[in-house]
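# Examining the three-dimensional arrangement
The lines below spell out each chain.
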Amino acid sequence: MSDYERLAINQVTTREQWSLREAIEGYARHGIRGIAVWHDKLAEIGAGEAARLLRDHGMSVTGYCVGGLLAEAADGSAMQACLDYNRRLIDEAAEIQARCVVFIGGGLPAGSKDIDAARQRCLEGLDKLLPHAKRAGVTLGLEPLHPMVCALRSCLSTLRQANDWCDQLGAGAELGIALDTYNVWWDPELEAQIERAGKRIVAFHVSDWLPDTRDLRLDRGMPGDGVIDIPKIRRMAEAAGYTGYREIEILSARDWWRRDPDEVVETVKARYANHI
Ligand code: ZN
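Residues numbered from 1 in each chain as written. Predicted model: local features only at pLDDT ≥ 70, side-chain atom pairs only at ≥ 80, totals over all residues. Heavy atoms only, no water.

### A few points about the overall build of the chain
Along its length, the chain carries ten helices and eight strands. Taken along its principal axes, the extent of the C-alpha atoms in the chain is 45 × 40 × 35 Å. By the burial criterion, 56% of the 276 residues in the chain qualify as buried. In the chain, 77% of the contacts between residues at least 6 apart in sequence involve partners at least 24 apart. Of the roughly 11300 Å² of accessible surface on the chain, a fraction of 48% belongs to carbon and sulfur atoms. Charged side chains in the chain number 34 positive and 42 negative. The centres of these two groups are separated by 1 Å. (Helix = DSSP H or I, 4+ residues; strand = E, 2+ residues; numbered from the N terminus. Buried < 20%, exposed > 50% of the residue type's maximum accessible area, 1.4 Å probe, protein only. Contact = heavy atoms within 4.5 Å. Areas by Shrake-Rupley, 256 points an atom, 1.4 Å probe, with all protein chains shown as cover. Lys, Arg positive; Asp, Glu negative; His and termini not counted. Charge placed at Lys NZ, Arg CZ, Asp CG, Glu CD.)

### Overview of the pairing of strand S2 (residues 34-38)
The buried fraction of S2 is high, at five of five residues. Bridge analysis of strand S1 (residues 7-10) against S2 gives three bridges, and the strand direction is parallel. What sits directly across from asparagine 10, in S2, is alanine 36. One crossover worth recording links S1 to the parallel S2 by way of helix H1 (residues 20-29), and it is right-handed. The sheet contact formed by S2 and strand S3 (residues 60-68) spans five bridges and is parallel. The residue bridging valine 37 from the neighbouring strand is tyrosine 64, located in S3. (Pairing = 2+ DSSP bridges. Right-handed = clockwise from strand over helix to strand, strands pointing away.)

### Notes on the coordination of the zinc ion
Six octahedrally arranged donors around a metal ideally form angles of 90 or 180 degrees; four tetrahedrally arranged donors ideally form angles of 109.5 degrees. On the protein side, the zinc ion has Glu143 (OE), Asp180 (OD), His205 (ND1) and Glu249 (OE) as donor atoms, found 2.2 to 2.3 Å from it. One can describe the donor arrangement at the zinc ion as irregular, given that its four donor atoms subtend angles of 81 to 151° at the metal. Taken in sequence order, the residues that donate to the zinc ion follow the motif E-x36-D-x24-H-x43-E. Placement of aspartate 180 in strand S6 (residues 175-180) and of histidine 205 in strand S7 (residues 201-206) is noted, with a sequence separation of 25 residues between them. With respect to burial, aspartate 180 and histidine 205 carry one shared label: buried. (Donors = N, O, S within 2.8 Å, 3.2 Å for Na, K, Ca; no water. Tetrahedral: all angles 85-135°; square planar, octahedral: opposite > 155°, others 65-115°.)

### Comments concerning helix H3 (residues 47-56)
Three or four residues apart is the spacing at which side chains of an α-helix point the same way, because the helix has 3.6 residues per turn. Residues of H3 that are buried: Ala47, Ala50, Ala51, Leu53 and Leu54. Angularly, the buried residues of H3 cover 165° about the axis, an arc narrow enough to put them on a single face. Within H3, the exposed residues directed more than 90 degrees away from the buried face are Arg55 and Asp56. Looking at the packing, one finds that the buried side of H3 touches H1, S2, helix H2 (39-42), S3 and helix H4 (76-95). (Arc of directions from axis to C-beta.)

### Concerning the sheet that holds S7
Strands sit in the order S1-S2-S3-S4-S5-S6-S7-S8 around a closed barrel of eight strands; the barrel is parallel. Across this sheet, the average inter-strand angle for adjacent strands is 30°, counted without regard to direction. Along the sheet, helix H6 (residues 159-169) contacts strand S5 (140-142) and S6; its crossing angle with S6, the most-contacted strand, is approximately 175°. (Axes fitted to C-alpha atoms, helices over the stretch in contact; angles between N-to-C directions.)

### Overview of the packing of aromatic side chains
Describing an aromatic ring pair means giving the distance of the ring centres and the angle of the ring planes. Under the definition given, this model contains four aromatic pairs. Judged by centre distance (5.9 Å) and plane angle (45°), the rings of tryptophan 185 and tryptophan 209 are tilted. Of this pair, tryptophan 185 sits in the loop between helix H7 (181-184) and helix H8 (190-197) while tryptophan 209 sits in the loop between S7 and helix H9 (230-239), and the two are 24 residues apart along the sequence. Look at tryptophan 185 and you get partly exposed, because its relative accessible area is 29%. Accessibility expressed as a relative area gives 10% for tryptophan 209, which makes it buried. One aromatic cluster is present, built from ring pairs that chain together Tyr182, Trp185 and Trp209. Across from the ring centre of tryptophan 256, 3.8 Å away, lies the NZ or CZ of arginine 259, which sits over that ring. (Phe/Tyr/Trp six-rings, centres within 6.5 Å; stacked < 30°, edge-to-face > 60°. Lys NZ or Arg CZ within 6 Å of the ring centre and 35° of its normal.)

Pasting the structure below:
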């Protein structure tokens, strides 16, 4: 693959502007051949129709979002429902041939202060999902999220923790790691933990950290607009053995979600050349 062919866009980048059908057609129109798909967007048309559209446009699916959230299941029945949801996600990921299900830990259940229990719940639930993922030929890509969203979104916060979980679960190709510049750039152990992750890395997500960030989740920057040395992290991941797509993933309520989607895609392409 030449460099340009390795550019993918996570459809969340244009989620407010485009349906899944429009995103597939729009990205293809701009010559982009990789897309990450979201569950709620896929539900608009169903997995079968989505698979057909993706195939017709020669589009590879770099990830299916978003699985996990097991830490939030406060009791047995909530956990059962969460496991069922994840199994459905795995089946849909298989149908659209997604490179991975992007797996995030989930935050603390309402009223809880027990983060150790939340992490344990997540790990045990993950263990239960692995056989289903293996049968389906789908990889669960553990994505540590920035510790800022620990209570809200993910008790899995560091790459070390993701590596430890992989070691502990001892799984094969059904378990990997999704590396996201926005979530890991601050980590003093980054280089060592990327090296340790090696071939476990199944996805590489890119956005920038704005120095004046105003929202815990929805204020990500376009590559080049923030403080992350993205090419440095990309080189680390690729030196560790990652050969897949470089996926731009920008959740941006105040800026990019308000713009014309074709302008967003054009900007992604322009920044890809110089800032990734
Ligand atoms: Zn990500």
